[in-house]
Every structure is written in structure tokens, then in C-alpha cells.
Amino acid sequence: MTKEAQKIKVGRLHTRSRASRIAGWSLLGLSLITLVVNWIEEFTDTVTILPGGHSPFYLVGSICVIVVGAWRAGIFDAK
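An account of the accompanying structure is given in this report. Values in this document were obtained by computation on a predicted structure and should not be read as measured data.

The next point concerns the overall build of the chain. On a plain count of helices and strands, the chain comes out with four helices and zero strands. Starting at the N terminus and ending at the C terminus, the chain contains elements arranged as α-α-α-α. For the chain, long-range pairs separated by at least 24 residues make up 64% of all intrachain contacts whose partners lie at least 6 apart in sequence. Here the chain has roughly 6,300 Å² of accessible surface; of this, 68% comes from carbon and sulfur atoms.

Shown next, in the form of C-alpha cells:
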């Protein structure tokens, strides 16, 4: 074997399946939307989209789900 045939590309080691990437980007998008809607509800009294209105738990939950979604999408993987 040649040396070129023995090399392993690092990018090939850290690939995620298509289903994992779709789930990750979906979680990331939905949690970003929840974060923005929660922020809008904080500064307006007329808009109530989320159950219970504005809550810091929506903020904390959205941040946690953003991290999980980014991980599932493969954003933190080595290239």
C-alpha cells in the first residue's frame, strides 16, 4: 500500500447521519424561535404566544436545547 492509501481524513471520522443532522437543525431552529418569542413577550404586554407568557424557564430551556441541537447537527465536530 502507498502512504496515500493509508491516510485517513479527519473529516470522515466525525460525520453524523442525515437523520441526526436534521433533528439537530430542527431543534436548533425551534429553540431559537422560542427564545426570540420569549424575548418579545418580555417587552410587550399584548403578545402572549407561549403558555404562561414570559418566563425565565423558557430562556434556560431554550439555551439548553440550542446546545443539544447544535451538538446533534454536528456544529461542534472537528473538520
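The next point concerns helix 3 (residues 18-43). For helix 3, which comprises 26 residues, the first-to-last C-alpha distance of 38 Å matches the rise-based estimate of 38 Å (1.5 Å per residue) to within 8%. Inspection of helix 3 places Ser 20, Gly 24, Leu 28, Ser 31, Val 37, Asn 38 and Glu 41 among the buried residues, and these make up the whole buried set. Tucked into the core, helix 3 has its buried residues touching helix 4 (56-73).

The next point concerns the environment of Val 47. Here Val 47 is to be found in the loop between helix 3 and helix 4. Relative accessible area serves as the criterion here: at 29%, Val 47 is assigned to the partly exposed category. Separated by ten residues in sequence, Val 47 and Val 37 have C-alpha atoms that sit 9.2 Å apart.

What follows covers the side chain of Ser 31. Of note, Ser 31 is situated in helix 3. Sequence-distant contacts of Ser 31, that is, excluding residues within four places in its chain, are made with Ser 62, Val 65 and Ile 66.

The next thing to look at is the environment of Phe 76. Tracing the backbone through its elements, the reader meets Phe 76 in the segment after helix 4. With a relative accessible area of 53%, Phe 76 lands in the exposed category. Filtering out sequence-adjacent residues up to four positions away, Phe 76 remains in contact with Val 67, Ala 70 and Trp 71.

How each quantity is defined
- Residues numbered from 1 in each chain as written.
- Predicted model: local features only at pLDDT ≥ 70, side-chain atom pairs only at ≥ 80, totals over all residues.
- Heavy atoms only, no water.
- Helix = DSSP H or I, 4+ residues; strand = E, 2+ residues; numbered from the N terminus.
- Contact = heavy atoms within 4.5 Å.
- Areas by Shrake-Rupley, 256 points an atom, 1.4 Å probe, with all protein chains shown as cover.
- Expected span 1.5 Å × (residues − 1).
- Buried < 20%, exposed > 50% of the residue type's maximum accessible area, 1.4 Å probe, protein only.

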